[in-house]
Amino acid sequence: MTTPTLEIHLSDDDLTAALRSDARLGLTAQQKWLPPKWFYDATGSALFEQITELPEYYPTRTERALLERVVGAIARATQAEVLVELGAGSAAKTRLLLTALTTQAPLKSYVPQDVSSAALRAAAAEIAAEFPGLAVRGVVSDFTDTLHILPRGGRRMIAFLGGTIGNLVPEERAEFLASVHNVLEPGEQLLLGAGLVVDPAVLVPAYDDAAGVTAEFNRNVLHVLNSRLGADFAPEKFRHIAIWDSAREWIEMRLEATEDMTVTVGELDLTVHFARGEQLRTEISAKFRIGGLTAELAAAGFGTQQVWTDPDERFALVLAERR
């Protein structure tokens, strides 16, 4: 077995500095907001794993079933020598790709990227044990601003799965796709997983389940601020809300104050006032139409090679080539 390596480009101090910056910016905005990446401490990650098993939450199982069906075609089309996965986490779905790419293509190395060194270290060790001939090189970083540090050489495919592209607003998506384009060579590829626009009666419950797991997950970001920044939020005094914005075609998750309150964030020497009914946006999850998604890719310099969807057209896998 090849021993996996781990490159650390994002320390705990870096993460804390980023959290401080985001919290100050978002909590002092006229319409308060926080980025969704701060959901994912150990508790938040465990809660999200529970969400993926809920009957209402179709995206994870739909993407996995789709990937199982088309992974052979992806391997034959790409012939990738290097698989780079952004936001790899536990690399659960990646095993499908790795199996196909090591049997049908000349895959030599796997480069998982994530902000969590603990999750990445565990995933890299498991992958190295399961695929003993594969070089595994983990990169701890934030994909939004450190794509340039990803390794070069070999025919690469970057995989960005899970519908995470939907957490970026259009301007951020354009910047992200342009950055991916800049780090790839002509002919190298991007495999993108994206949720599609579906009936709100199906979509909204996926983000507001009957068991209340998503509500607990949403409120966990307040626990993160309490533990990491010395805040004194009372998470139980915030109500979870999921709203479909039909104009922007995205789901918004929000936390609504159930009473007037004043919160202090000790590490920032910041006092934040919430009026009863005031909302804090914690996530957007944009959903796409195929034409719009391929147009965004084209604007960033990618040509779409293939689009696969599930039978209900709830999720898409798009293989695009850097021009």
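It should be emphasised that the depicted structure is a prediction, and the values quoted were computed from it without experimental measurement.

Peer 1: Help me out: how do you make sense of the overall build of the chain in this one?
Peer 2: Of the regular secondary structure elements, the chain holds nine helices and 13 strands. A globule of 323 residues ought to have a C-alpha radius of gyration of about 20 Å, and the chain, at 20 Å, matches this closely. Sorting the 323 residues of the chain into buried and exposed places 52% on the buried side. Partitioning the contacts of the chain with sequence separation of at least 6, the portion at a separation of at least 24 is 73%.

Peer 1: What should I look at first to understand the pairing of strand β4 (residues 135-140) in this one?
Peer 2: In summary, the side chains of a regular strand alternate between the two faces of the sheet. With four bridges joining them, strand β1 (residues 5-8) and β4 adopt parallel strand pairing. Looking at the pairing, I8 lines up with V140 of β4. Pairing of strand β3 (residues 109-114) with β4 involves four bridges; the strand directions are parallel. Opposite Q113, over in β4, you have V139 as the bridge partner. Crossover connection from β3 via helix α5 (residues 117-130) to parallel β4: handedness right-handed.

Peer 1: I'm lost on the sheet that holds strand β11 (residues 279-286) in this one. Help?
Peer 2: The antiparallel open sheet is built from three strands, whose spatial order is β7-β8-β11. Across the chains shown, the open sheet's two edge strands, defined by having one partner strand only, are β7 (238-245) and β11. Ignoring strand direction, the axes of neighbouring strands in this sheet form an average angle of 20°. Strand direction decides the pairing type here: β7 and strand β8 (residues 250-257), joined by eight bridges, are antiparallel. Across the sheet, F238 pairs through a bridge with A257, a residue of β8. Helix α8 (residues 213-229) rests against β7, β8 and β11 of the sheet, and its axis sits at about 65° to β8.

Peer 1: I keep staring at the pattern of salt bridges and nothing clicks. Help me out?
Peer 2: It is possible for side chains of opposite charge to pair when their charged atoms get near one another. Counting across every chain of the model gives 18 salt bridges. Measuring nitrogen to oxygen at the nearest pair gives 3.5 Å for the salt bridge that ties E259 to K237. Taken as a pair, E259 in the loop between β8 and β9 (261-265) and K237 in the loop between α8 and β7 lie far apart in primary sequence, 22 residues in all. Overall, the relative accessible area of 32% leaves K237 in the partly exposed class.

Peer 1: Looking at this model, I keep getting lost on the environment of L229. Mind explaining?
Peer 2: Relative to the helices and strands, L229 is located in helix α8. Taking the C-alpha atoms as reference, L229 lies 41 Å from A298; in sequence the two are 69 residues apart. In this structure L229 touches L19, R20, A23, V224, V265, G266, E267 and L268, once residues within four positions along its chain are discounted.

Peer 1: Whenever I open this one, helix α2 (residues 42-52) confuses me. Can you help?
Peer 2: Because each turn of an α-helix spans 3.6 residues, side chains separated by three or four positions in sequence point in the same direction. Listed as buried for α2 are G44, L47, I51 and T52. All buried residues of α2 project into a common sector of 145° when viewed along the axis, lining one side. Buried-residue contacts for α2 involve α3 (59-78) and α8.

Peer 1: For this particular structure, what's the right way to read the pairing of strand β10 (residues 270-274)?
Peer 2: The alternating pattern of β10 places L270, V272 and F274 on a buried face and T271 and H273 on a face that is not buried. By the bridge criterion, five bridges tie β9 to β10 in an arrangement that is antiparallel. Residue pairing across strands places T264 opposite T271, the latter belonging to β10. Taking the residues between adjacent antiparallel strands as the criterion, β9 and β10 are bridged by four residues, where D269 takes a positive phi near 50°.

Peer 1: Whenever I open this one, unusual backbone geometry confuses me. Can you help?
Peer 2: In terms of backbone geometry, most residues other than glycine have negative phi values and most peptide bonds are trans. Of note in this structure, Q79 is not a glycine but carries a positive phi near 50°. Locating Q79 in the fold gives a position in the loop between α3 and β2 (82-85). Within the chain, D269 stands out as a residue other than glycine whose phi angle is a positive 50°. Take D269: it is sitting in the loop between β9 and β10. Using a relative accessible area of 74% as the deciding quantity, one classes D269 as exposed.

Peer 1: For this particular structure, what's the right way to read the environment of A100?
Peer 2: Mapped onto the elements of the fold, A100 is located in helix α4 (residues 94-104). The class for A100 is buried, based on a relative accessible area of 5%. Between the C-alpha atom of A100 and that of G72, which follows or precedes it by 28 residues, the distance is 5.8 Å. Once residues within four sequence positions are removed from consideration, A100 is found in contact with V71, A75 and A105.

Peer 1: Can you walk me through the packing of α2 against α8 in this structure?
Peer 2: Think of two packed helices as two axes; the pair is described by the angle between the axes and how far apart they sit. Contact pair α2 / α8: the axes reach a minimum separation of 9 Å and the direction vectors enclose 160°. If you check the angle between α2 and α8, you find them roughly antiparallel. In this structure, the crossing between α2 and α8 has a hand that is left-handed. The segment α2 lies against α8, with T43, G44, L47, F48, Q50 and I51 engaging V213, T214, E216, F217 and N220. Class assignment of the residues belonging to the contact of α2 with α8 gives a composition of five nonpolar, five polar and one charged.

Calculation notes
- Residues numbered from 1 in each chain as written.
- Predicted model: local features only at pLDDT ≥ 70, side-chain atom pairs only at ≥ 80, totals over all residues.
- Heavy atoms only, no water.
- Helix = DSSP H or I, 4+ residues; strand = E, 2+ residues; numbered from the N terminus.
- Rg over C-alpha atoms; globule rule 2.2 N^0.38 Å.
- Buried < 20%, exposed > 50% of the residue type's maximum accessible area, 1.4 Å probe, protein only.
- Contact = heavy atoms within 4.5 Å.
- Pairing = 2+ DSSP bridges.
- Right-handed = clockwise from strand over helix to strand, strands pointing away.
- Axes fitted to C-alpha atoms, helices over the stretch in contact; angles between N-to-C directions.
- Salt bridge = Lys/Arg side-chain N within 4 Å of Asp/Glu carboxyl O.
- Arc of directions from axis to C-beta.
- Parallel < 35°, antiparallel > 145°, perpendicular 65-115°, else oblique.
- Left-handed = near helix turned anticlockwise from the far one by under 90°.
- Nonpolar A, V, L, I, M, F, W, Y, C, P; charged D, E, K, R; others polar.

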